[in-house]
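# Results of the structural survey
Spelled out, the chains give:
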Amino acid sequence: MEQSKTIQIYENMLLMRRFEEETGRLYMEGAIRGFCHLYIGEEAVAAGTISCLSEKDYIITHYRDHGHALARGIDPKNVMSELMGKSDGTSAGKGGSMHIFDVSKRFMGGHAIVGGQLPIACGLGFSSKYKEEDSVVLCFLGDGAVNEGEFHESLNLASLWKLPILFCLENNLYGMGTHVNKTRSSGENIYKIADSYNIPSLQVDGMDVIEVEKATQESIEKIKSGQGPIFMEALCYRFRGHSMADPSSYRKSQEVKNWQKNDPIIKFERFLINQNIIDQKQILKIKENVDSEVEKSIEFAQNSPDPKIESLFENVYKNE
Amino acid sequence: MNNLTLRESIKKGLIEALESDPNVFLMGEDIGEYNGAYAVTSGLLKQFGPKRIIDTPISESVILGTGIGSAATGLRPIIEIMTINFLLLAFDQLINHAAKLRYMSNGQLEVPLVLRTVTGGGAQLGATHSQSFEGWLASVPGLKVVCPSTPKDALGLFRTSMKQKDPVVFAEHALLYGVRGDVPDKFYEIPFGKADIKRPGNKVTIISYSGMVRTCIQASEFLSKNFNFECEVIDLRTLRPLDFETIIKSVKKTGRAVVVEEAWKTGGFGANISETIQLEAFDYLDSPVIRIASEDVPAPYNRKLELDTMPSEQKIVTAIKQNFSI
């Protein structure tokens, strides 16, 4: 990995972390409402994968989408405004936390029905192939989506038609509050499920951004060669509850603490220092910048007006 | 003027769309090699090739999802879901995604796809293959719902469907495919939200759509011949957008209204029309609005039983005679 990219990834992971910490705080204060799913703990997956994409590649994801949006370079001001339901939000307050879109960056949403984004990912891949565009689709999904029918229909079609899709399974071990061991007939190593669809698959340490980045880079090259989709399972963990409404009664605090010892940001920071890529002084500077960026995004969102009532019926249909 | 079946007129629309835009493609189960379950796409694979006429696995969700993703990125998919009963398997894609993406993205995304499907009962196909869900679909903001009853309307409405920038459900009644009608040679379109008076009259307004329009016309002819009682039959043609103006205007003239639909009565689309008539034309009504719909039972297989569940010429005649003292 180039040094500049390395530092950019580090900054990006910090941005996701700080943004989400503040999001959690603002939710508790009532400034953000609805369902809100924090990405804290999983930053290495978004940062490692999305940093490998070009502008013409597509991203489509699930409802835990703030991290993916920030990793794609969507302005935190607009993401925060959307979380607060304001007119400067990515969807001018009509989408909310689970529905972040920025089509100019080919960020095709934030989809809140488990598994619902997978069939659409096939459409994006189909379109790229039909138009001979050479775009790759990065489709995120959680371990819960694996048991949906839409998952199986989509993997079958993607393989059958050799669609240019990288399926990135963020296996954080829990579908809401139920452990994968209770929901998967095939048990752990979910990535092996892709074998039955003739899709090459791999498993990576989703807490290790370098490993994720390397595996993604290699996978995308293979997909661009026209061989069809690849399925990548990233083993990861969310340090917070499923959503802000989650009492986390289904897992022991010791389990969370054990995973936190493996914090992807601290791990990466240590690597950067050990490799002399960055020093403590630079780290402090980066942290200051990130803090300031997040603060600015909050201030911006707080000052952004509510959408006008007249906008209620806009964009149900074209020109109405 | 051409005399075409409804099947032929829709096929004509498909060919026009395929010829006019290379981004138009057809996708669905058995539409290519098999030539279409209802033979609408017969011969198109040979004519346009496998890039444009695409056979899929039996996977309704991903068929529709592929349509959504490709429509959102500039292609013009025409998706065929073999029957409206199978569309239930893709409701997540249709209701949660196709109908919502423009709104949830605040206009960044649009889903200009045409979803063709086959609706209706009356062919002894049993409870799972005889349903009419277009009324349900018409309750979803973000969708447009089209239900043609004649070959001419089908082509005109299909042409308009292809110009939409939003998802259109184009529901074709299975029993109408073989029905013939005149279709103008000269190019024409039929706008959405414009109902058609299929038979003028002054005594009662009968409002219907899709397969039931024919039945309403037959009942009207009977009443005309035997009782000199003239019904006005309004064919809605599109359920969303819906043309209340034509309905209200007619009811103000006749003072009586009957709403006929093939779907179940409870929660049926006709209730919506009935409510609006009573609000907008209350002072003009000489009697309550009558609704005729299918009985609230799953469609039975036995022919006599099935026919007994559905609205018929006789049921419409009887209802009008009893309620309007003919």
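Not measured: the values here are computed from a predicted model.

This part is about the sheet that holds strand β1 (residues 58–61) of chain A. Residues and elements named next belong to chain A. As summarised here, the arrangement of the 6 strands in space is β2-β1-β3-β4-β8-β7, forming an open sheet in which the pairing is parallel. Of all the strands in the sheet, just β2 (107–110) and β7 (201–205) have a single pairing partner and so form its edges. The average undirected angle you get between the axes of adjacent strands in this sheet is 15 degrees. Alignment of strand β4 (residues 165–171) against strand β8 (residues 230–235), held across 6 bridges, turns out to be parallel. Pairing of F167 across the sheet is with F231, part of β8. Seen against the sheet, helix α2 (residues 43–50) touches β1, β3 (137–142), β4 and β8 and runs at an angle of roughly 170 degrees to β3.

Moving on: the pairing of β3(A). All names here are of chain A. Among the 6 residues that make up β3, 5 are buried, leaving the element largely enclosed by the rest of the structure. Of the pairings in the sheet, the one linking β3 to β4 comprises 6 bridges and is parallel in character. Bridged to L138 within β4 is L166. Each parallel crossover has a hand, and the one from β3 via helix α6 (residues 149–160) to β4 is right-handed.

All names here are of chain B. Pairing in this open sheet of 7 strands is mixed, and the strands run β3-β2-β4-β5-β7-β6-β12 from one edge to the other. What marks the edges here is a single partner per strand, and that holds for β3 (53–55) and β12 (238–240). Between one strand axis and the next, the sheet turns by 20 degrees as a mean value, whatever way the strands run. Pairing geometry for strand β6 (residues 144–146) and β12, over 2 bridges, is antiparallel. Each residue of the ladder has a partner; that of V145, found in β12, is R240. Along the sheet, helix α1 (residues 6–20) contacts β2 (24–28), β3, β4 (76–81), β5 (114–119) and β7 (168–173); its crossing angle with β2, the most-contacted strand, is approximately 130 degrees.

The next subject is the confidence of the model for chain B. Averaged over chain B, the pLDDT score is 98; the fraction of residues at 70 or greater is 100%. Across the predicted assembly, pTM comes out at 0.97 and ipTM at 0.96.

Chain B puts 46 residues into the contact, and the matching count from chain A is 39 residues. Summed over both partners, the interface of chain B with chain A buries about 3400 Å², with 62% contributed by carbon and sulfur atoms. At the surface where chain B touches chain A, the tally comes to 1 salt bridge. For the side of chain B that touches chain A, the elements supplying multiple residues, two or more each, are β2, β3, α3 (60–71), α4 (91–98) and α5 (101–104) of chain B.

A few words on α6(A). Residues and elements named next belong to chain A. Here α6 contains 12 residues, and its C-alpha end-to-end distance of 17 Å stays within 8% of the 16 Å for a straight helix at 1.5 Å per residue. For α6, the set of buried residues is E150, F151, E153, S154, L155, L157, A158 and S159. Phi for K162, located one or two positions after α6, is positive at around 50 degrees.

This part is about the pattern of salt bridges. By the definition in use, this model includes 32 salt bridges over all chains. The partner of A:D291 in a salt bridge is A:R18, and the shortest N-O contact between them spans 2.7 Å. With A:D291 in helix α11 (residues 280–303) and A:R18 in helix α1 (residues 3–29), this pair connects stretches of sequence that are 273 residues apart. Judged by relative accessible area, which is 28%, A:D291 ranks as partly exposed. For the salt bridge of B:D166 with B:R102, the shortest nitrogen-to-oxygen distance reads 2.8 Å. With B:D166 in the loop between α7 (151–161) and β7 and B:R102 in helix α5, the pair connects residues that are 64 residues apart, well separated along the chain. Of the two residues examined, B:D166 and B:R102, each falls in the buried class. Shared partners join several salt bridges into a network, and the residues in it are A:R18, A:E21, A:E22, A:R25, A:E29 and A:D291.

You'll often see interface size given as the accessible area lost when the parts meet. Residue and element names in this part refer to chain B. Its domain assignment divides chain B into domain 1 (2–183) and domain 2 (196–324). When each unit is reduced to the centre of its C-alpha atoms, the spacing between domain 1 and domain 2 is 26 Å. For the domain 1 and domain 2 pair, buried surface summed over both sides reaches about 2200 Å², with 55% attributable to carbon and sulfur atoms. Linking domain 1 with domain 2 are 2 salt bridges, by the criterion used here. Residue D153 pairs with R237 through a salt bridge whose shortest N-O separation is 3.2 Å. Going through the elements one at a time, α6 (134–137), β6 and α7 are the ones with two or more residues in the side of domain 1 that touches domain 2. When residues in the side of domain 1 that touches domain 2 are grouped by element, the largest group, 3 residues, is from β6.

Our focus in this paragraph is the packing of helix α5 (residues 117–130) of chain A against α6(A). Residues and elements named next belong to chain A. It is at 8 Å that the axes of α5 and α6 come closest, and there the two elements cross at 20 degrees. When the interaxial angle is binned, α5 and α6 end up roughly parallel. For the pair α5 and α6, the crossing hand works out as left-handed. Contacts between α5 and α6 involve L118, P119 and C122 from the former and E150, F151, S154, L155, L157 and A158 from the latter. Its residues assigned to classes, the contact of α5 with α6 comprises 7 nonpolar, 1 polar and 1 charged.

What counts, and where the lines are drawn
- Residues numbered from 1 in each chain as written.
- Chains lettered and ligands numbered in written order.
- Predicted model: local features only at pLDDT ≥ 70, side-chain atom pairs only at ≥ 80, totals over all residues.
- Heavy atoms only, no water.
- Pairing = 2+ DSSP bridges.
- Helix = DSSP H or I, 4+ residues; strand = E, 2+ residues; numbered from the N terminus.
- Axes fitted to C-alpha atoms, helices over the stretch in contact; angles between N-to-C directions.
- Contact = heavy atoms within 4.5 Å.
- Buried < 20%, exposed > 50% of the residue type's maximum accessible area, 1.4 Å probe, protein only.
- Right-handed = clockwise from strand over helix to strand, strands pointing away.
- pLDDT = per-residue confidence, 0-100.
- Buried area = accessible area lost by both parts, 1.4 Å probe.
- Salt bridge = Lys/Arg side-chain N within 4 Å of Asp/Glu carboxyl O.
- Expected span 1.5 Å × (residues − 1).
- Domains from an automatic or database assignment.
- Parallel < 35°, antiparallel > 145°, perpendicular 65-115°, else oblique.
- Left-handed = near helix turned anticlockwise from the far one by under 90°.
- Nonpolar A, V, L, I, M, F, W, Y, C, P; charged D, E, K, R; others polar.

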